[in-house]
Amino acid sequence: MIAVAHPTTTWYLLLSALLFAIGVVGVLVRRNPLVLFMCIELMLNAVNLSFVAFAKRMGDIGGESTVFFVMVVAAAEVVVGLGIVVAILRRKPNATTDDLSELKG
Amino acid sequence: MQLFVFIVAGAMVLGGAVGVVLRTHPVHAALSLVLTLFGIAVLFIAQDAQFLAAVEVIVYAGAIVVLFLFVIMLLGIDRAEDLHVEPFKIQRPAALVIGVGLVSLLGIAVIASREHPVPTVTPSQAVTDALADPHNGNIRALARDVFSDHVLAFELTSALLVIAVVATVILARKPRKGETYIVSGSAQ
């Protein structure tokens, strides 16, 4: 019975939903800016997983090319984000996201 | 067999994700992220997206996580964060409620719509031909799609990457004496 069960698109989408929610909770709970970026990566990967699942289900390669572009944008986002983190943490080595409220003018 | 792969890879993905959120040490969190990314790559292969699985391992696990580890070591913040400090009392319960609510909403939507007929998409002739190729069908079809239908977006991503690199160099370098384009807190 269980041996013939086949992971369908629904299973992948549920896994993707779980992964996305874990990323959201991480962004809301953690205060280290680097870990925040890792949680954003989790959310991006959850969306990538659902894109690939839909691409397979609909037989459309467009979903996979979207994932390709998402990866490029994610790489650019991490590079700029870590640049900002380096600039801030060099000044205040123990800064958390709460301390960044001092940035307002 | 496919079920086994899905369960193992899914456990890797979820275990790594929980590790990213719960590990107090930033290096441990980054290594948990690697576990998640490898699980995602396995699921990509199970969904016939071989090229994206390779890109996932090379770009995410290879480049982005190494960048994270590099910044952690560069700044010397590789020590555990004290998770017992809680600036807002309501924050963690509220975050948990939001997370559970999000999973419930998405899960209900996915399960409710699983019997809906999917719209059929007719890919262009070039993509169909490429997919029919028994060797490297996936990567050929992806190349046809990216370099024909989405070639403008592809060119724009190259501009985006150049802009990101220049911006990061300007952001992260130490300002020379006399330069005030980064307004410091002490200068105000």
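Residues numbered from 1 in each chain as written. Chains lettered and ligands numbered in written order. Predicted model: local features only at pLDDT ≥ 70, side-chain atom pairs only at ≥ 80, totals over all residues. Heavy atoms only, no water.

Novice: Whenever I open this one, the packing of aromatic side chains confuses me. Can you help?
Specialist: Aromatic ring pairs are reported here in terms of the distance separating the ring centres and the angle at which the planes meet. Summed over all chains, the structure comprises 6 aromatic pairs over all chains. Taking 4.8 Å as the distance between ring centres and 75 degrees as the angle between the ring planes, the aromatic pair formed by Y12 of chain A and F6 of chain B counts as edge-to-face. Remark: F6 of chain B occurs in helix α1 (residues 2–22) and Y12 of chain A occurs in helix α1 (residues 9–29); the pair is interchain, linking two chains. Of the two residues, Y12 of chain A and F6 of chain B, both sit in the buried class. Taking 4.9 Å as the distance between ring centres and 75 degrees as the angle between the ring planes, the aromatic pair formed by F147 of chain B and F154 of chain B counts as edge-to-face. Ring pairs connect the aromatic residues F68 and F69 of chain A together with F51, F147 and F154 of chain B, which therefore count as one cluster. (Phe/Tyr/Trp six-rings, centres within 6.5 Å; stacked < 30°, edge-to-face > 60°. Helix = DSSP H or I, 4+ residues; strand = E, 2+ residues; numbered from the N terminus. Buried < 20%, exposed > 50% of the residue type's maximum accessible area, 1.4 Å probe, protein only.)

Novice: Explanation requested: the layout of surface pockets in the structure shown.
Specialist: To locate leftover empty space, one rolls a probe as large as a water molecule over the atoms. Approximately 330 Å³ is the volume attributed to the second largest pocket. What lines the second largest pocket is a set of 19 residues, among which L13, S50 and F54 of chain A together with V110 and S113 of chain B lie closest to the centre. Residue assignment for the lining of the second largest pocket shows that the elements contributing at least two residues are α1 and α2 (33–58) of chain A together with α4 (91–112) of chain B. In terms of residue count, α2 of chain A provides more of the lining of the second largest pocket than any other element does, 6 residues in total. Looking at the lining of the second largest pocket, its residues break down into 12 nonpolar, 5 polar and 2 charged. (1 Å grid on protein atoms, 1.4 Å probe; cavity = no way out; pocket = protein on both sides within 12 Å on 5 of 7 lines; lining within 4 Å. Points joined across faces, edges and corners; volume = space filled by probe spheres on them. Nonpolar A, V, L, I, M, F, W, Y, C, P; charged D, E, K, R; others polar.)

Novice: Just checking my understanding: could you explain the pattern of salt bridges for this structure?
Specialist: A pair can form between side chains of opposite charge whenever their charged atoms are brought close. Across all of its chains, the model carries 1 salt bridge over all chains by this definition. Here D48 of chain B ties to K56 of chain A by a salt bridge, and the two come within 2.6 Å at their closest N and O atoms. Of the two residues, D48 of chain B sits in the loop between α2 (26–46) and α3 (50–75) while K56 of chain A sits in helix α2, which places them in two different chains. Classification of K56 of chain A by relative accessible area gives partly exposed; the value is 40%. (Salt bridge = Lys/Arg side-chain N within 4 Å of Asp/Glu carboxyl O.)

Novice: Just checking my understanding: could you explain the interface of chain B and chain A for this structure?
Specialist: Interface size is commonly expressed as the accessible area that is lost once the parts come together. Every contact between the two is made by 82 residues of chain B and, on the other side, 70 residues of chain A. The junction of chain B with chain A conceals about 7,000 Å² of combined surface from both sides, 77% of it contributed by carbon and sulfur atoms. Considering only the side of chain B, the residues that lose the most area to chain A are F6, Q47 and F68 of chain B, jointly responsible for 10% of the buried surface there. Here chain B is connected to chain A by 1 salt bridge. (Contact = heavy atoms within 4.5 Å. Buried area = accessible area lost by both parts, 1.4 Å probe.)

Novice: What exactly am I supposed to notice about the environment of S158 of chain B here?
Specialist: All names here are of chain B. Turning to its location among the elements, S158 is positioned in helix α7 (residues 151–172). Here S158 falls in the partly exposed class, since its relative accessible area comes to 36%. C-alpha of S158 to C-alpha of L69: the two residues are 89 residues apart in sequence and 25 Å apart in space.

Novice: How should the side chain of T36 of chain B be read in this particular structure?
Specialist: Examined against the element boundaries, T36 of chain B turns out to sit in helix α2. Using a relative accessible area of 0% as the deciding quantity, one classes T36 of chain B as buried. For T36 of chain B, the contacting residues outside a window of four places in its chain are L19 and L42 of chain A together with M12, V13, G16 and A17 of chain B.

Novice: What's the story with the UniProt feature "transmembrane region" (unreviewed entry) in chain A in this structure? I'm lost.
Specialist: Residues and elements named next belong to chain A. When the UniProt feature table is mapped onto this chain numbering, "transmembrane region" (unreviewed entry) sits at residues 12–29, 34–55 and 67–89. Secondary structure content for residues 12–29 is 100% helix and 0% strand, while the C-alpha to C-alpha distance between its ends is 26 Å. Taken end to end, residues 67–89 comprises 100% helix and 0% strand; its first and last C-alpha atoms sit 32 Å apart. (UniProt positions renumbered as here; feature names shortened; annotations may be inferred.)

Novice: What exactly am I supposed to notice about the UniProt feature "transmembrane region" (unreviewed entry) in chain B here?
Specialist: Residue and element names in this part refer to chain B. Following the UniProt record, the feature "transmembrane region" (unreviewed entry) maps to residues 6–22, 29–46, 52–75, 95–113 and 151–172 here. For residues 52–75, the helix share is 100%, the strand share is 0%, and the end-to-end C-alpha distance is 32 Å. Counted over residues 151–172, helix gives 100% and strand 0%. Its end C-alpha atoms are 32 Å apart.

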